[in-house]
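Structural characterization, general
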Amino acid sequence: MTAQTDTQGSVTTVYKVSGMSCGHCEGSVSGEISQLPGVTSVKAVASTGEVTVVSAGPLDDETVRAAVDEAGFELVGQA
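Residues numbered from 1 in each chain as written. Predicted model: local features only at pLDDT ≥ 70, side-chain atom pairs only at ≥ 80, totals over all residues. Heavy atoms only, no water.

1. Comments concerning the overall build of the chain
Short version of the rule: Helix and strand definitions here come from DSSP, where helices need a minimum of 4 consecutive H or I residues and strands a minimum of 2 consecutive E residues; each element is numbered from the N-terminal end. Here the globule rule reads 2.2 Å times residues to the power 0.38, and the radius of gyration is calculated from C-alpha atoms. The buried label applies to any residue whose accessible area, calculated with a 1.4 Å probe on protein chains only, is under 20% of its type's maximum; exposed applies above 50%, and partly exposed to all values in between.
Regarding its fold elements, the chain presents 2 helices and 5 strands. In the chain, the succession of helices and strands from N to C terminus is β-β-α-β-β-α-β. A compact globule built from 79 residues would reach a C-alpha radius of gyration of about 12 Å, and the chain, at 11 Å, matches this within 12%. The principal-axis extent of the C-alpha atoms belonging to the chain is close to 35 × 20 × 20 Å. The proportion of buried residues among the 79 residues of the chain is 35%.

Here it is in structure tokens:
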């Protein structure tokens, strides 16, 4: 698992998402993931396919996958 816990107890996880190609894609993915309980920050980058998520604790991969699916993209896994 590539999640990292910082000194304040939050967890940063980087996911790979396929299919993002523009700012609108980034916004769709970020919007869905940001609604998950415990998520405090989401940054999606279409050019790399990476989505960095900061949360209060570890997130369930299937919950994140469902959010990415809802946005119309595919979660490949953790980067």
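Still more to cover.
2. Things to note about the pairing of strand β4 (residues 50-55)
Rules: When DSSP finds two or more bridges between a pair of strands, those strands are recorded as paired.
Bridge count for strand β2 (residues 11-18) against β4 is 6 bridges, and the pairing is antiparallel. Each residue of the ladder has a partner; that of Lys16, found in β4, is Glu50. Of the strand pairs in this sheet, strand β3 (residues 39-45) and β4 are connected by 6 bridges, and their pairing is antiparallel. When the sheet's bridge partners are listed, Val39 is paired in β4 with Ser55. Between β3 and β4, which pair antiparallel one after the other, the connecting turn spans 4 residues, and Gly49 there sits at a positive phi close to 75°.

3. Some details on helix α1 (residues 23-34)
Stated precisely, the cut-off is as follows: What a helix should span is 1.5 Å times the count of its residues minus one. Arc definition: it is the arc formed by the directions from the helix axis to the C-beta atoms. Should any heavy atoms of two residues lie within 4.5 Å, those residues are considered in contact.
Between its first and last C-alpha atoms α1 spans 16 Å; for 12 residues at 1.5 Å apiece the expected length is 16 Å, and the two agree. Cys25, Val29, Ser30 and Ile33 are the residues of α1 that are buried. The arc enclosing the buried residues of α1, seen along the axis, measures out at 125°, which places them on a common side. Where α1 is buried, its residues contact β3, β4 and α2 (61-71).

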